[in-house]
Amino acid sequence: MIATKNLVTLFTETRSKTEQLCKPLEIEDYVVQPIVDVSPPKWHLGHTTWFFEEFILKHHKPNYKLFHPDFAFAFNSYYESIGKRVVRTDRGNMSRPGVAQVYDYRHYVTNELKDFLETIDISKEIEHLLLMGIHHEKQHQELLMTDIKYILGNNSFQPKYDDHFIESTTEKEKFKWISMGEGIYEIGHTNLEEFHYDNEIGRHKVYLHKYEIANKLVTNAEYLEFIKAGIYNDFNYWHAEAWEWLKETGISQPMYWHKIGENWHHYTLNGLKPLTMDSPVKHISYFEAFAYAQWKGCRLPTEFEWEASQNNFKWGQRWEWTESAYLPYPGYKKAPGAIGEYNGKFMVNQKVLRGASVVTASKHTRPTYRNFFHTNLRWQYTGIRLAK
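Presented here is a report on the structure given in the accompanying data block. Source: prediction; values computed, not measured.

What follows deals with the sheet that holds strand β5 (residues 257-260). With antiparallel pairing, three strands are arranged side by side in an open sheet as β5-β6-β7. Of all strands in the sheet, those bounded by a partner on one side alone are β5 and β7 (271-274). Shown here is a sheet whose adjacent strand axes are inclined to one another by a mean of 35°, direction ignored. Pairing geometry for β5 and strand β6 (residues 263-268), over four bridges, is antiparallel.

Next comes the structure, spelled out in structure tokens:
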């Protein structure tokens, strides 16, 4: 059990951080939804609040009064067992409730939950739900940042988010291959007292052949050579589905890259900047990561190879595509009810990413964390680590 004071502190820190991330926004930015994968910032503020209200306050706080009877419909995301909700594509159509009312909702639920936690002996069930809600909000803090970047980066004026956020980090180590021996490795989360998601447990043994994995991520300069070599126009390096995707979309460089005259620029949270050549490439799909690895005569690591070797290199700047399908570990069982919808129903047609990114929330990542996305998605801070 975690001390009540520490739980309340983590809860309030997390709630405050989400609102801090929104401070640079104009009021108009809160409602924009350019594509289905990007949710309006106002919706993130409401959805993370609804999670605490729905899963804790509504069922555990005596005589709790809902802030608004229609907010569950507005801010439920994908929980079929809870009821009807606004269709995902229509989140940007909700001009009402207004931003001010959504902030009122946040503060109401935050205060109600703090009051509840400070007046009870927290059970294991409530602790689990609270930690789930906190880390759910931390996930949405990362989504909030990537969604804000997409909203601003696709604005004709490409405005900056702020002057201080650093996303173009560098890896100054000299490139080398890390050799990993053939053998049996254990994969999965071990300390069940620490917070983890259900898709990480079921620790199990895997047999790995001898392999090598890069000590650093592929940089913008290295990826630029891939572009100059004309690989976006050469079907030999792409999956058939990826080749059709390229033809349909016309994509020929990472998201947010712009060629102005003879020089490459990229949109960052600080605005449009010259391309940072020694920064790890970001905002690329699995399709592009796979093609790059093929062109280099290499491959992407499996998630098991990544986890077995991660102590030997620095990670955390980009979510790293792996060659592993997002599948359950041995013995996996979905939890009953709505909580069981959190991970299990997405275990199809997606690839696992490992590590973290520069916009991943603090106190949220770990070596066993399994992120997952569809193969064509690029709006997250995704990059490449090679293996062979």
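In this section: the packing of helix α4 (residues 99-117) against helix α5 (residues 124-153). With their axes 13 Å apart at the nearest point, α4 and α5 run at an angle of 150° to one another. Classed by the angle they form, the pair α4 and α5 counts as roughly antiparallel. Along this stretch, α4 crosses α5, giving a crossing that reads as left-handed. Where α4 abuts α5, its residues R106, L113, F116 and L117 lie against I126, L130 and E137. A class-by-class count of the residues in the contact of α4 with α5 yields five nonpolar, no polar and two charged.

With that out of the way, let us pick up helix α6 (residues 220-228). Along α6, the positions that sit buried rather than exposed are N220, Y223, L224, F226 and I227. When α6 is viewed along its axis, its buried side chains cluster within an angular range of 150° and face the same direction. Residues of α6 that are buried sit in contact with β5, β6 and α8 (286-295). G230 sits one or two positions beyond α6 and adopts a positive phi of about 80°.

The subject of this paragraph is helix α7 (residues 240-249). Of the residues making up α7, those classed as buried are A242, W245 and L246. One side of α7 holds all its buried residues, which, seen down the axis, span an arc of 100°. Seen from the buried face of α7, the exposed residues on the opposite side, beyond 90 degrees, are A240, E241, K247 and E248. Buried residues along α7 sit against α8.

With five of seven residues buried, strand β8 (residues 319-325) is to be regarded as a mostly interior element. Note that β8 and strand β9 (residues 351-355) share four bridges and pair antiparallel. By the bridge assignment, W319 is partnered in β9 with G355. With two bridges joining them, β8 and strand β11 (residues 382-383) adopt parallel strand pairing. Along β11, the bridge assignment pairs E320 with G383.

Take L66: it is sitting in the loop between α2 (41-60) and α3 (71-75). The partly exposed category is assigned to L66, whose relative accessible area is 37%. Between the C-alpha atoms of L66 and T18, which are 48 residues apart in sequence, the distance is 22 Å. The residues contacting L66, other than those within four sequence positions of it, are E53 and Y108.

Turning to the sheet that holds β8, a few remarks are in order. Strand order in the open sheet formed by four strands is β10-β9-β8-β11, with mixed pairing between adjacent strands. Here the strands that pair on one side only, and so sit at the sheet edges, are β10 (371-373) and β11. The sheet strands contacting α8 are β8 and β9, and the helix crosses β8 at an angle near 85°.

A few words on the pattern of salt bridges. Scanning the entire structure with this criterion turns up 24 salt bridges. The partner of E19 in a salt bridge is R106, and the shortest N-O contact between them spans 3.0 Å. Here E19, found in helix α1 (residues 4-22), pairs with R106, found in helix α4; they are 87 residues apart in sequence, far enough to count as distant. Considered together, E19 and R106 belong to a single accessibility category, that of buried residues. For K58, the salt bridge goes to E54, with nearest N and O atoms at 3.4 Å. Of this pair, K58 and E54 are both found in helix α2, four residues apart, which corresponds to roughly one turn of the helix. Judged by relative accessible area, which is 44%, K58 ranks as partly exposed.

Analysis parameters
Residues numbered from 1 in each chain as written. Predicted model: local features only at pLDDT ≥ 70, side-chain atom pairs only at ≥ 80, totals over all residues. Heavy atoms only, no water. Pairing = 2+ DSSP bridges. Helix = DSSP H or I, 4+ residues; strand = E, 2+ residues; numbered from the N terminus. Axes fitted to C-alpha atoms, helices over the stretch in contact; angles between N-to-C directions. Parallel < 35°, antiparallel > 145°, perpendicular 65-115°, else oblique. Left-handed = near helix turned anticlockwise from the far one by under 90°. Contact = heavy atoms within 4.5 Å. Nonpolar A, V, L, I, M, F, W, Y, C, P; charged D, E, K, R; others polar. Buried < 20%, exposed > 50% of the residue type's maximum accessible area, 1.4 Å probe, protein only. Arc of directions from axis to C-beta. Salt bridge = Lys/Arg side-chain N within 4 Å of Asp/Glu carboxyl O.

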